[in-house]
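As a plain string of letters, each chain reads:
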There are 2 protein chains.
Amino acid sequence: MLSKASKYAISAVIYLTNNSTIDKKLGSKEIAEAIEIPAPFLAKTLQQLTKKGIISSIKGPHGGFYLSEKNTDKTLFDIIDCVDDIEKFNSCYLSQNNCNENNPCVAHHIYAPFKDKLIRKLKTKTIIEMAEEFKQNSNLNNQIFAVLT
Amino acid sequence: MLSKASKYAISAVIYLTNNSTIDKKLGSKEIAEAIEIPAPFLAKTLQQLTKKGIISSIKGPHGGFYLSEKNTDKTLFDIIDCVDDIEKFNSCYLSQNNCNENNPCVAHHIYAPFKDKLIRKLKTKTIIEMAEEFKQNSNLNNQIFAVLT
DNA sequence: TCATAAAAAGATATTTTTATCTTTATATAT
DNA sequence: ATATATAAAGATAAAAATATCTTTTTATGA
Ligand code: FES
Ligand code: FES
């Protein structure tokens, strides 16, 4: 449902959260290698995230991407909205171009409540929280990044 | 979420159900025009549906597409599975490549129940039923096919 | 100041999806 | 039988998404 760009973004931000500090910034190549995705494509995506203030970056030697104070409250919603446009979740699941109670598709009455819950969750789930869950999870399944396609 | 091909297919099958009979078959151009979608692309999609027995067709003069006895029990699920591959609904909503309880993504616990309900609904909703709903609906909103993008 | 490493920006290439065009096969009517 | 209308099949084109490559900018360290 998400574009690859969005998947890569989520994956990369989680990796960044768990593996970078202001004193240990990570290059896009480094991240791409770790999570096994195409490096130049990720570089583009990281640029988008930086531009919207979801992650931070510094150019030059010893530069790279990292998370700063400003980034700590960012959510999963922010990442997806930056890369993919969140409207995709608002629209009809079966792709009618209006999704509302007055003109429901066959799936509407089961999709609408799900959609509401999902968006609420995406908006409240911070990157930090998510990274933490991911860290725990990787105790059970340490090929965790390979799992993200 | 659905491909355009699938959307077109659903739309066309509904139109066919409500507007064709064995004595009044419809050409692909005719249908495409009525539901305002690209004719040659729809033709391809109708061929796929025919091959899988979801709709019927006859070549030659006065030929065209129509629904026969064999098609009456077909469901929305059948259409989508024919054109798009239903696996797309089974997979993780945030695109992890495994979707299961042991390795849930952030959305899993709200997505899984929705997914189950949806697939059940797609499997039980017959084309006939859907076309009927659509007919009623179009009393309220008679630009109903324009509504399908 | 100068060389260097890295992001940023821009340009190009590949793949997939969507759309169109052309040819062939077949059923119908004359 | 023959001409015709239509689906079926196959080939090609255009657009969008994904991926890669090249150049420019900027921060750092020597
Ligand atoms: S109209 Fe389809 S999900 Fe709302
Ligand atoms: S793991 Fe993502 S929806 Fe199940």
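Above: the structure in question.
Residues numbered from 1 in each chain as written. Chains lettered and ligands numbered in written order. Predicted model: local features only at pLDDT ≥ 70, side-chain atom pairs only at ≥ 80, totals over all residues. Heavy atoms only, no water.

Turning our eyes to something else, we now look at the protein's contact with DNA strand C. Around DNA strand C sit 26 residues in total, of which Lys44(A), Ser57(A), Tyr8(B), Pro38(B) and Pro61(B) are the nearest. Counting only the atoms of DNA strand C that lie within 4 Å of the protein, the sugar and phosphate share comes to 61%. One nitrogen or oxygen atom from the side chain of Ser57(A) is found 2.8 Å from a phosphate oxygen belonging to DNA strand C. Note that a phosphate oxygen of DNA strand C is positioned 3.0 Å from one of the side-chain N or O atoms of Tyr8(B). Counting residues per element, the surface near DNA strand C draws most heavily on helix α3 (residues 39-51) of chain A, at four residues. (Near = heavy atom within 4 Å. Polar contact = N/O pair within 3.5 Å; in protein donor to acceptor, adjacent residues only side chain to side chain. Helix = DSSP H or I, 4+ residues; strand = E, 2+ residues; numbered from the N terminus.)

Quick look at the packing of aromatic side chains now. With the rule as written, the count across this model stands at seven aromatic pairs over all chains. Centroid distance Tyr111(A) to Phe114(B): 5.3 Å. Interplanar angle 50°. Geometry classified as tilted. Here Tyr111(A), found in helix α6 (residues 108-124), pairs with Phe114(B), found in helix α6 (residues 108-124), and the two come from separate chains. On the basis of relative accessibility, which here comes to 4%, the residue Phe114(B) falls in the buried class. Seen from their ring centres, Phe114(A) and Phe114(B) are 4.7 Å apart, and the 0° between their planes marks the pair as stacked. In this pair, Phe114(A) is assigned in helix α6 and Phe114(B) in helix α6, connecting two distinct chains. Across the pair, Phe114(B) and Phe114(A) agree in class, each one buried. Members of the aromatic cluster, each reached through a chain of ring pairs, are Tyr111(A), Phe114(A), Tyr111(B) and Phe114(B). Just above the ring of Tyr66(A) sits the side chain of Lys25(A); from NZ or CZ to the centre is 5.4 Å. Taking the ring centre of Phe77(B) as reference, the NZ or CZ of Lys123(B) above it sits at 4.8 Å. (Phe/Tyr/Trp six-rings, centres within 6.5 Å; stacked < 30°, edge-to-face > 60°. Buried < 20%, exposed > 50% of the residue type's maximum accessible area, 1.4 Å probe, protein only. Lys NZ or Arg CZ within 6 Å of the ring centre and 35° of its normal.)

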